[in-house]
Amino acid sequence: MSQRLLINASLATLANNGTPYGLIEEGILALDGGKIAWIGKVADLPAAYQNWERQDLAGRLVTPGLIDCHTHVVFGGNRAREFEMRLEGATYEEVARAGGGIVSTVKATRSASEEDLLDQALIRVDALIAEGVTALEIKSGYGLDLDTELRMLRVARKIGSVRPVHVRTSFLGAHAVPAEFKNRPDAYIDEVCLPALEAANAEGLVDAVDGFCEGIAFSPKQIDRVFDKARRLGLPVKLHAEQLSNLGGAALAASYGALSADHLEYLDEAGAMALAESGSVAVLLPGAFYTLRETRQPPLDLLRQEKVPIALATDCNPGSSPLASILLTLNMGCTLFRMTPEEALAGVTREAARALGLDDQGTLEVGKRADLNVWNVSHPAELSYRIGFNALHDRIFGGSE
């Protein structure tokens, strides 16, 4: 159907129209090809649309397509045994000595072929798509050498061509220091990370540049060097910041006009003010908080006070967040972080789109892409309220089901 009306629906537009969720009751959505042509109440439908084909949604809820703005879905192997060892009482050091941690994922990823990485990633991506995800970000960062970082990014690009989902890639070469550069992080930045970034960008594989600014990863000065290279290449940046301590990563990211700063459990007022001034999005990741059994929550009230836009994401990865459910992420955002259901839904639509620089997605508005979900619920809060329940009735991608 190139031109059709979705009638008899509740429309959670997530646009700022002065009502909670941007809700339009008894609404109609006009789709023209892959775009939204008109949106409003039944009584206000212009004459020009009256003869379009109609699809009755029987009062169901319509939202924008969901967006997972922070994932690591491309990787080799898994770390289930490490999870088991921790529950049996092993310390982090004991797990590491047994070959666990990121070292095991790097080893498995380096040994996996492009085809193997794609096959494994699609299992996770398909789970997200089945819950209404229409766009997602995919990071590199488990290769930590030039060849594997590029292989991961090629697989990420491939996912966007073999599945009905938009993919934004992030180069995360500054994720960890590999074993062969132990205690030589600056040499790793010089000899691997920056050359790999240049090569990936030359191949058209990079939409943004990410890093991990933490005591167990890279210092602000080292991230500075990576971000300076990104700026020279004309690439936007984002940053894993203030997850385990406060090194000023959020303020550093903001100084580069970052798309987002992610995790943020240890964010302070200065960092929040910097994010607000730069317009960077705070991406909260309850899956990692849950899996690592953390107790320090991100400062939600501070983010609200400074009017920092807040997104939510799965952080799907093999170690700290083996989570491939955007709907469970909504519930976690509310239950663990005390977000409101409206904040959570905005966090995986409007604000997640901002975190990826996707201006044509994230809300139901005229001119936006017709990426949307139809749900078997009567109110938007149900999407955050339910646990382990998928209420998706229909997923429309670019106007097509």
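As recorded by an unreviewed UniProt entry, the protein chain carries the name Imidazolonepropionase and is attributed to Roseibium album. Taken verbatim from the UniProt record of the protein chain, the Catalytic activity (unreviewed entry) comment is "4-imidazolone-5-propanoate + H2O = N-formimidoyl-L-glutamate". What UniProt records for the protein chain under Sequence similarities (unreviewed entry) is the sentence "Belongs to the metallo-dependent hydrolases superfamily. HutI family."

Things to note about the overall build of the protein chain
Helix and strand content of the protein chain: 15 helices and 15 strands. Taken against the 2.2 N^0.38 rule, which gives 21 Å for 401 residues, the C-alpha radius of gyration of the protein chain at 21 Å falls within 12% of a compact globule. On the principal axes, the C-alpha backbone points of the protein chain span a range of 70 × 45 × 45 Å. The burial tally for the protein chain puts 58% of its 401 residues in the buried class. Pairs at least 24 apart in sequence give 71% of the contacts found in the protein chain among residues at least 6 apart. Roughly 16,000 Å² of accessible area belongs to the protein chain as shown, and the carbon and sulfur atoms make up 50% of that amount. Each charge class in the protein chain was averaged separately, 38 positive and 53 negative side chains, and the resulting centres sit 2 Å apart.

Observations regarding the layout of surface pockets
Taken as a whole, the second largest pocket spans an internal volume of roughly 360 Å³. For the lining of the second largest pocket, the elements supplying multiple residues, two or more each, are helix 11 (300-305), helix 13 (341-347) and helix 14 (350-356). Each residue belonging to the lining of the second largest pocket can be placed in one class, and the counts come to nine nonpolar, five polar and seven charged. A domain-level breakdown of the lining of the second largest pocket finds at least three residues from each of domain 1 (3-64 + 363-396) and domain 2 (66-355).

A few points about the pattern of salt bridges
Across all of its chains, the model carries 22 salt bridges by this definition. Across the salt bridge formed by E351 and R350, the nearest N and O atoms sit 2.7 Å from each other. For R350, a relative accessible area of 23% gives the class partly exposed. When salt bridges that share partners are traced, they join E137, K139, D210 and K238 into one network.

Concerning unusual backbone geometry
The backbone of L14 shows a phi angle near 60 degrees, a positive value even though the residue is not glycine. You can see L14 is positioned in the loop between strand 1 (3-12) and strand 2 (23-32). On the accessibility criterion, L14 (1% relative accessible area) is buried. One non-glycine residue, E26, lies in positive phi territory at about 50 degrees. Mapped onto the fold, E26 is located in strand 2. We classify E26 as exposed; its relative accessible area is 60%.

Concerning the UniProt feature "binding site: 4-imidazolone-5-propanoate" (unreviewed entry) in the protein chain
Here the UniProt feature "binding site: 4-imidazolone-5-propanoate" (unreviewed entry) sits at R79, Y142, H175, Q243 and S320. Residue class for R79 comes out buried when judged on its relative accessible area of 14%. Sequence-distant contacts of R79, that is, excluding residues within four places in its chain, are made with G101, I102, S104, T105, P318 and G319. Side-chain polar atoms of R79 contact the side chain of E82, separated by 3.0 Å.

What to know about the domain arrangement of the protein chain
Assigned domains within the protein chain: domain 1 (3-64 + 363-396) and domain 2 (66-355). A straight line from the C-alpha centre of domain 1 to that of domain 2 covers 31 Å. With 23 residues of domain 1 at the contact, the number on the domain 2 side is 22 residues. For the domain 1 and domain 2 pair, buried surface summed over both sides reaches about 1,800 Å², with 58% attributable to carbon and sulfur atoms. Per-residue buried area on domain 1 facing domain 2 is highest for L14, S384 and R395; these three make up 35% of the total on that side. For the interface between domain 1 and domain 2, the tally reads ten residue pairs in polar contact (both at pLDDT 80 or more). Elements with a contribution of two residues or more to the side of domain 1 that touches domain 2: strand 5 (61-64), strand 14 (372-375), helix 15 (382-385) and strand 15 (392-396). In terms of residue count, the dominant contributor to the side of domain 1 that touches domain 2 is helix 15 (three residues).

Some thoughts on the pairing of strand 11 (residues 260-263)
With four bridges joining them, strand 10 (residues 238-241) and strand 11 adopt parallel strand pairing. Its bridge partner lying in strand 11, H240 is registered against D262. A crossover connection joins strand 10 to the parallel strand 11 through helix 8 (residues 249-255); in handedness this β-α-β unit is right-handed. As judged from the three bridges shared by strand 11 and strand 12 (residues 281-284), these two strands associate in the parallel manner. Residue pairing for strand 12: A261 is matched across the bridge by A282. As a crossover connection, the stretch from strand 11 through helix 9 (residues 269-278) into strand 12 is right-handed.

A short note on the state of the cysteines
In total, this model carries zero disulfides according to the counting rule given. Counting only cysteine sulfurs, C316 is the nearest neighbor of C69, a cysteine outside any disulfide, at a range of 13 Å.

Criteria and cut-off values
Residues numbered from 1 in each chain as written. Predicted model: local features only at pLDDT ≥ 70, side-chain atom pairs only at ≥ 80, totals over all residues. Heavy atoms only, no water. UniProt positions renumbered as here; feature names shortened; annotations may be inferred. Helix = DSSP H or I, 4+ residues; strand = E, 2+ residues; numbered from the N terminus. Rg over C-alpha atoms; globule rule 2.2 N^0.38 Å. Buried < 20%, exposed > 50% of the residue type's maximum accessible area, 1.4 Å probe, protein only. Contact = heavy atoms within 4.5 Å. Areas by Shrake-Rupley, 256 points an atom, 1.4 Å probe, with all protein chains shown as cover. Lys, Arg positive; Asp, Glu negative; His and termini not counted. Charge placed at Lys NZ, Arg CZ, Asp CG, Glu CD. 1 Å grid on protein atoms, 1.4 Å probe; cavity = no way out; pocket = protein on both sides within 12 Å on 5 of 7 lines; lining within 4 Å. Points joined across faces, edges and corners; volume = space filled by probe spheres on them. Nonpolar A, V, L, I, M, F, W, Y, C, P; charged D, E, K, R; others polar. Domains from an automatic or database assignment. Salt bridge = Lys/Arg side-chain N within 4 Å of Asp/Glu carboxyl O. Polar contact = N/O pair within 3.5 Å; in protein donor to acceptor, adjacent residues only side chain to side chain. Buried area = accessible area lost by both parts, 1.4 Å probe. Pairing = 2+ DSSP bridges. Right-handed = clockwise from strand over helix to strand, strands pointing away. Disulfide = S-S within 2.5 Å.

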